[in-house]
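The primary structure of each chain is shown beneath.
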Amino acid sequence: MLTAAVLTASPPGRKPEHPRSLHVAFWPEQVREVPADALRASIGGKAVKVSRLFGPDDDLLLLIVMDLTGDISLADPAREALASEIERLPDNVEAGLLRAQDGLSVLVDPGAEKPALTKAIRDLPVSGYAGLLDSVETALHLGDAILAKAAVRVAVLYVTDSSIQNYRAGYTNPVVNSSDSRDMSRRFPEGLVKEETGKILAKVARTQTPLFVVHLDYRSDRLNEAYQTGLIDIVNASGGSVQYCRTPADIPGAIAGAVARIRAHQSAEIEPPLPPGSIDLALEAEGFVLHYRSRFEARKR
């Protein structure tokens, strides 16, 4: 398994490290695992080689990012449910704990004993500004840096109660000219939200680590609807999944479901060279229906 040193960020002034191979997380609709000799991959219709295939019994590094700033009645069941899931993790899974507020910060390195990790989760403060949009690119780059160094599966899980109104940057798109009835910001107040999530979506296309989000507090106002839709797009582009909770009673099941899906995923490593620009990938296995991310953006080297 990995040591805590794998979680070291790139030194200041250096570009983040990225995998040379293409790592594709996928899930068979069937309960059984896809064997290596059954999997076929192609890019742009041309067959490519799957150099390695990792399954549910192989090592997994889970980066848990906590983004809790609001209602303690939501944070408490989330912290307890997540701690309970950590206690049940098998030996082939290591988890690290990070916090999204004021820049991504590591609270507990992977490889720590489970009691230390669960204590940190239960003791996590609930305060500050929402941090998901500000930190998710960094979290995915960190996952990619691990993929570049170690033969493991990697996933990022955010547990968040974020509201778009609670970001430090301010995405509420105030009316630009209050005396002008034709000011378009009156008619499209969610413009800044869509612009920001669109920028992040483009950056996620250049990463390979799947992103999972459990959002504890679904909101139905116009701005948060735009924010939550943007999160769905970002998560889907990464090959992960998002779950929204409408009541506190939904939280334990949502967290358990996210952790179970992360643990169950397989990861195919596609050998370079990779074509520049957009990559259209197809995975097939006879007798299986596969769910996976089919679009990637190759990085220039």
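Residues numbered from 1 in each chain as written. Predicted model: local features only at pLDDT ≥ 70, side-chain atom pairs only at ≥ 80, totals over all residues. Heavy atoms only, no water.

**Quick notes on the overall build of the protein chain**
Part 1 of the reasoning: The helix and strand inventory of the protein chain stands at seven helices and 14 strands.
Part 2 of the reasoning: Buried residues in the protein chain amount to 48% of all 301 residues.
Part 3 of the reasoning: Expressed as a percentage of contacts within the protein chain between residues at least 6 apart in sequence, the contacts between residues at least 24 apart total 79%.
Part 4 of the reasoning: For the protein chain, the exposed area adds up to about 14,000 Å²; of that, 50% sits on carbon and sulfur atoms. (Helix = DSSP H or I, 4+ residues; strand = E, 2+ residues; numbered from the N terminus. Buried < 20%, exposed > 50% of the residue type's maximum accessible area, 1.4 Å probe, protein only. Contact = heavy atoms within 4.5 Å. Areas by Shrake-Rupley, 256 points an atom, 1.4 Å probe, with all protein chains shown as cover.)

**Quick word on the nonpolar core**
Part 1 of the reasoning: Counting residues in hydrophobic clusters, the biggest one holds 35 residues, and the most contacted among them are Leu157, Val159 and Ile255.
Part 2 of the reasoning: Looking at this core, the elements that each hand over two or more residues are strand E1 (22-28), strand E5 (60-67), helix H1 (72-87), strand E6 (93-99), helix H2 (114-122), strand E8 (153-160), strand E9 (211-215) and helix H7 (251-264).
Part 3 of the reasoning: With seven residues, H1 is the largest single contributor of residues to this core.
Part 4 of the reasoning: Not counting residues up to four positions away in its chain, the partners in contact with valine 159 are Val65, Met66, Asp67, Leu68, Ala78, Leu82, Val214, Leu216 and Ile255.
Part 5 of the reasoning: Leu98, Ala100, Leu132 and Leu142 belong to the second-largest nonpolar core, a separate cluster that totals 34 residues. (Core = buried A, V, L, I, M, F, W, Y, C linked by side-chain atoms within 4.5 Å.)

**Looking at the sheet that holds E5**
Part 1 of the reasoning: Ordered in space as E7-E6-E5-E8-E9-E10, the six strands form an open sheet in which the pairing is mixed. Only two strands of the sheet have a single partner each, and these edge strands are strand E7 (105-108) and strand E10 (241-244). Direction aside, neighbouring strands of the sheet carry axes that sit 25 degrees apart on average.
Part 2 of the reasoning: Most of the contacts of H2 go to E6, to which it runs at about 30 degrees, and overall it touches E6 and E7.
Part 3 of the reasoning: Strands in contact with H7 are E5, E8, E9 and E10; relative to E8, the strand with the most contacts, it is inclined by about 170 degrees. (Pairing = 2+ DSSP bridges. Axes fitted to C-alpha atoms, helices over the stretch in contact; angles between N-to-C directions.)

**Section: unusual backbone geometry**
Only a minority of non-glycine residues have a phi that is not negative, and only a minority of peptide bonds are not trans.
Part 1 of the reasoning: For the bond from proline 272 to proline 273, the omega torsion is 5 degrees, close enough to zero to count as cis.
Part 2 of the reasoning: By the secondary structure assignment, proline 273 is in the loop between strand E11 (266-270) and strand E12 (278-285).
Part 3 of the reasoning: Although it is not a glycine, aspartate 102 adopts a positive phi angle of roughly 55 degrees.
Part 4 of the reasoning: Structurally, aspartate 102 can be placed in the loop between E6 and E7.
Part 5 of the reasoning: Judged by its relative accessible area of 69%, aspartate 102 is exposed.

**Considerations on the sheet that holds E11**
Part 1 of the reasoning: What the four strands build is an open sheet, ordered E4-E11-E1-E13; its pairing is antiparallel. The open sheet terminates on both sides in strands that have one partner only, identified here as strand E4 (50-54) and strand E13 (290-292). Averaged over neighbouring strand pairs, the angle between their axes works out to 30 degrees when direction is ignored.
Part 2 of the reasoning: Looking at chain direction, E1 and E13 are connected through three bridges and run antiparallel.

**Focus on the packing of helix H5 (residues 191-204) against helix H6 (residues 222-238)**
Part 1 of the reasoning: With their axes 9 Å apart at the nearest point, H5 and H6 run at an angle of 5 degrees to one another. Compared by their axis directions, H5 and H6 come out roughly parallel. Contacts between H5 and H6 involve Val193, Thr197, Ile200, Leu201 and Val204 on the former and, on the latter, Leu223, Ala226, Tyr227, Gly230, Asp233, Ile234, Ala237 and Ser238. (Parallel < 35°, antiparallel > 145°, perpendicular 65-115°, else oblique.)

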